[in-house]
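Fold and geometry: a report
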Amino acid sequence: MKTLGSRLKFLREKANLTQIRAAQSMDISNVQLSRYESDDRKPEPETLKKISDFYSEVLGETISVDFLLGKTENAGLSDPILEPYKNDKEFLDFIITLKSLPEETQKSFYIQVKAMSEHLKANKKNASD
């Protein structure tokens, strides 16, 4: 996650919120949030704090302003599946990029990876027989 906008979008999606619902909950306009997420505008410091507090409450973990600003890669979010990769910036950027793709593209990618995985498992089994 390279930009403030990508981090905001990541957190909103992690919270399973639409832009409209998130904006309403933070008492900002949907247009403002859209501009922040697309990196067209930067929020004022007070708004950054409001956003940080909102996602901290919704996600149940501290989301720092430093994370929003890119001063740290640690969002404070714990995910047992991703835990081994928490310091692998390239892998995490890949996951964020994947999550930003249209849903149909994500599904297609998943189907292709699953097919490759099954193929590798079959080859491994055949090699050990």
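Definitions and cut-offs
Residues numbered from 1 in each chain as written. Predicted model: local features only at pLDDT ≥ 70, side-chain atom pairs only at ≥ 80, totals over all residues. Heavy atoms only, no water. Helix = DSSP H or I, 4+ residues; strand = E, 2+ residues; numbered from the N terminus. Contact = heavy atoms within 4.5 Å. Core = buried A, V, L, I, M, F, W, Y, C linked by side-chain atoms within 4.5 Å. Buried < 20%, exposed > 50% of the residue type's maximum accessible area, 1.4 Å probe, protein only.

Okay, the side chain of Ser56 next. Mapped onto the secondary structure, Ser56 falls in helix H4 (residues 45-59). Not counting the four nearest positions on each side in its chain, Ser56 is found in contact with Glu61, Thr62 and Ile63.

What follows concerns the nonpolar core. Nonpolar side chains in soluble globular proteins tend to end up buried together. Counting residues in each nonpolar core, the largest one holds 19 residues, and the members touching the most others are Leu11, Met26, Ile51, Tyr55, Ile63 and Leu68. When residues of this core are traced back to their parent elements, those giving at least two are helix H1 (4-14), helix H2 (19-26), helix H3 (30-37), H4 and helix H5 (65-68). Sorting elements by how many residues they give to this core places H4 first, with five residues.

One can find Arg7 in helix H1. When its relative accessible area of 1% is taken as the criterion, Arg7 is described as buried.

So, about the environment of Thr97. The residue Thr97 is located in helix H6 (residues 89-100) in this model. Accessibility expressed as a relative area gives 45% for Thr97, which makes it partly exposed. Separated by 87 residues in sequence, Thr97 and Phe10 place their C-alpha atoms 10.0 Å apart.

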